[in-house]
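If you want the building blocks of each chain, they are given just below.
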Amino acid sequence: MIDGKKVLFSGMQATGNLTLGNYLGALKNWVSLSDEYECFYSVVDMHSITIRQDPSEFRRRARNLLTLYIAAGLDPEKNCIYYQSHVSGHAELAWILNCFTYMGELNRMTQFKDKAAKHADNINAGLFTYPVLMAADILLYQADVVPVGVDQMQHLELTRNIAERFNNIYGEVFTVPEAYIGKVGAKIMSLQDPSKKMSKSDENPNASIYLMDDPDTIMRKCKRAVTDSEGCICYRDEQPGIKNLIDIYSACTGKTPQETVKEFEGKGYGELKPAVGEAVISVLRPLQEEFARLSKDKAYLDSMIKANAEKAGYYAAKTLRKVQRKVGFPDRIR
Ligand code: TYM
């Protein structure tokens, strides 16, 4: 609790271009939850170096991501929006938690297996212990709630297990966090292969809608989306392509999938696809305009980055000192 409010933590990586999946599965919910909670939204740049990055390109992407958080509607005066690498407590707590996490647990992480297969020439130790750093991110702020897409659930379960294990040994040190999964949009699938999630790193550019795509590109990608030959706009697992388009439309318009199905009753895919395109365009346009405006305001962004890193650092240090005492590190002499 901070000032009587429950705490929320979430983060995103600045690798690749953000997709509609990132927006509908995470960022959109962050905005809707931001009044209710004391929020920490991090650009998790330390996670990103588990995969090789070009330094200047990486720095640019991280800045863009932070700008995008604000452009999406997160007020940086109320929400703590900061770079993970600006708060050393993340790395310090991650080391301690490494000593409370088992190899067997990390071996079971599907994201590690996927990424290791994709980057077989660089299976570094950081990639393996990535979920421990993620646990440190969350536990450092004593977060009650963590809004994420479905793909992060396994990491969140691990975080809960680490917190409970630590608490069982040392008493109630960490708040055990709950995941917040949105009702629609928690797993947006690829437009070209609806059995796979929409991903920043997909090699097929038609598979993902990127947040900075222009209207024509968005429309073209929606019209080319892979569907089926059933000819029925039904919300069911047997029609994953159509189900995904219904999810996207519903998440963008605030309707339930059932309402969307009703709206398109008796209509064909040729009507659904452009309607999805329009819905996505109207959600992304204001975001893109605000992003363009904010990006020019260097002084404002810099002052927010500085102030919020200090704020995050303050709360991080509080937890870290407590944990260090619990495990028996010597007191500092002041
Ligand atoms: P990342 O950067 O891959 O994704 C950021 C957020 O977007 C969600 N997401 C999706 N949601 C719906 N459909 C999709 N196709 C889709 N693709 C991505 C993700 O679930 C996530 O919520 N490990 C994390 C970053 C992280 C983090 C944290 C998150 C580091 N520390 C602490 C929460 C709390 C990651 O790589 O997310």
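Residues numbered from 1 in each chain as written. Predicted model: local features only at pLDDT ≥ 70, side-chain atom pairs only at ≥ 80, totals over all residues. Heavy atoms only, no water.

Undergrad: Let's hear about the packing of helix 1 (residues 20–33) against helix 10 (residues 240–253): which residues, and what values?
TA: At a minimum axis distance of 11 Å, the contact between helix 1 and helix 10 shows a crossing angle of 45 degrees. By the angle class used here, helix 1 and helix 10 are oblique. Like other packed secondary-structure pairs, helix 1 and helix 10 cross with a definite hand, here left-handed. Contacts between helix 1 and helix 10 pair Leu20, Leu24 and Lys28 from the former with Ile248, Ala251 and Cys252 from the latter. Counted by class, the contact of helix 1 with helix 10 contains five nonpolar, no polar and one charged residues. (Axes fitted to C-alpha atoms, helices over the stretch in contact; angles between N-to-C directions. Helix = DSSP H or I, 4+ residues; strand = E, 2+ residues; numbered from the N terminus. Parallel < 35°, antiparallel > 145°, perpendicular 65-115°, else oblique. Left-handed = near helix turned anticlockwise from the far one by under 90°. Contact = heavy atoms within 4.5 Å. Nonpolar A, V, L, I, M, F, W, Y, C, P; charged D, E, K, R; others polar.)

Undergrad: For the site of the ligand, give the residues involved together with the corresponding values.
TA: If you check the shell around the ligand, you find 27 residues, and the closest are Tyr130, Asp137, Gly149, Asp151 and Ile188. Residue Asn22 places a side-chain N or O atom 3.1 Å away from an oxygen atom belonging to the ligand. With respect to the ligand, the side chain of Asp151 contributes an N or O atom lying 2.4 Å from an oxygen atom. Considering the ligand on its own, with 710 Å² of exposed area, one finds that the protein chains cover 98% of that surface. Secondary structure elements with two or more residues in the shell around the ligand: strand 1 (7–12), helix 1 and helix 7 (125–140). (Near = heavy atom within 4 Å. Polar contact = N/O pair within 3.5 Å; in protein donor to acceptor, adjacent residues only side chain to side chain. Areas by Shrake-Rupley, 256 points an atom, 1.4 Å probe, with all protein chains shown as cover.)

Undergrad: Can you tell me about the UniProt feature "binding site: L-tryptophan" (unreviewed entry) in the protein chain, naming the residues and giving the values?
TA: In the numbering adopted here, UniProt assigns the feature "binding site: L-tryptophan" (unreviewed entry) to Asp137. Here Asp137 is to be found in helix 7. You can call Asp137 buried: its relative accessible area is 2%. (UniProt positions renumbered as here; feature names shortened; annotations may be inferred. Buried < 20%, exposed > 50% of the residue type's maximum accessible area, 1.4 Å probe, protein only.)

Undergrad: Just give me the short version of the nonpolar core, but keep the residues and values in it.
TA: Membership of the largest hydrophobic core comes to 58 residues, with the highest contact counts inside it found for Leu27, Tyr69, Ile248, Val280 and Leu284. The element contributing the most residues to this core is helix 12 (residues 269–295), with 11 residues. Excluding anything up to four places from it in sequence, Ile248 contacts Leu20, Leu24, Ile188, Leu191, Val276 and Val280. Core analysis: the next-biggest nonpolar cluster, separate from the first, contains 43 residues, Leu127, Ala135, Ala163 and Val323 among them. (Core = buried A, V, L, I, M, F, W, Y, C linked by side-chain atoms within 4.5 Å.)

Undergrad: Describe unusual backbone geometry, listing the residues and the values that go with them.
TA: The phi angle at Asp3 is positive, at roughly 50 degrees, despite the residue not being glycine. With respect to the element layout, Asp3 can be found in the segment before strand 1. According to the relative accessible area criterion, Asp3 is exposed, its value standing at 73%. Residue Gln142 is not a glycine yet carries a positive backbone phi of 55 degrees. If you trace the backbone, Gln142 turns up in the loop between helix 7 and strand 4 (145–147).

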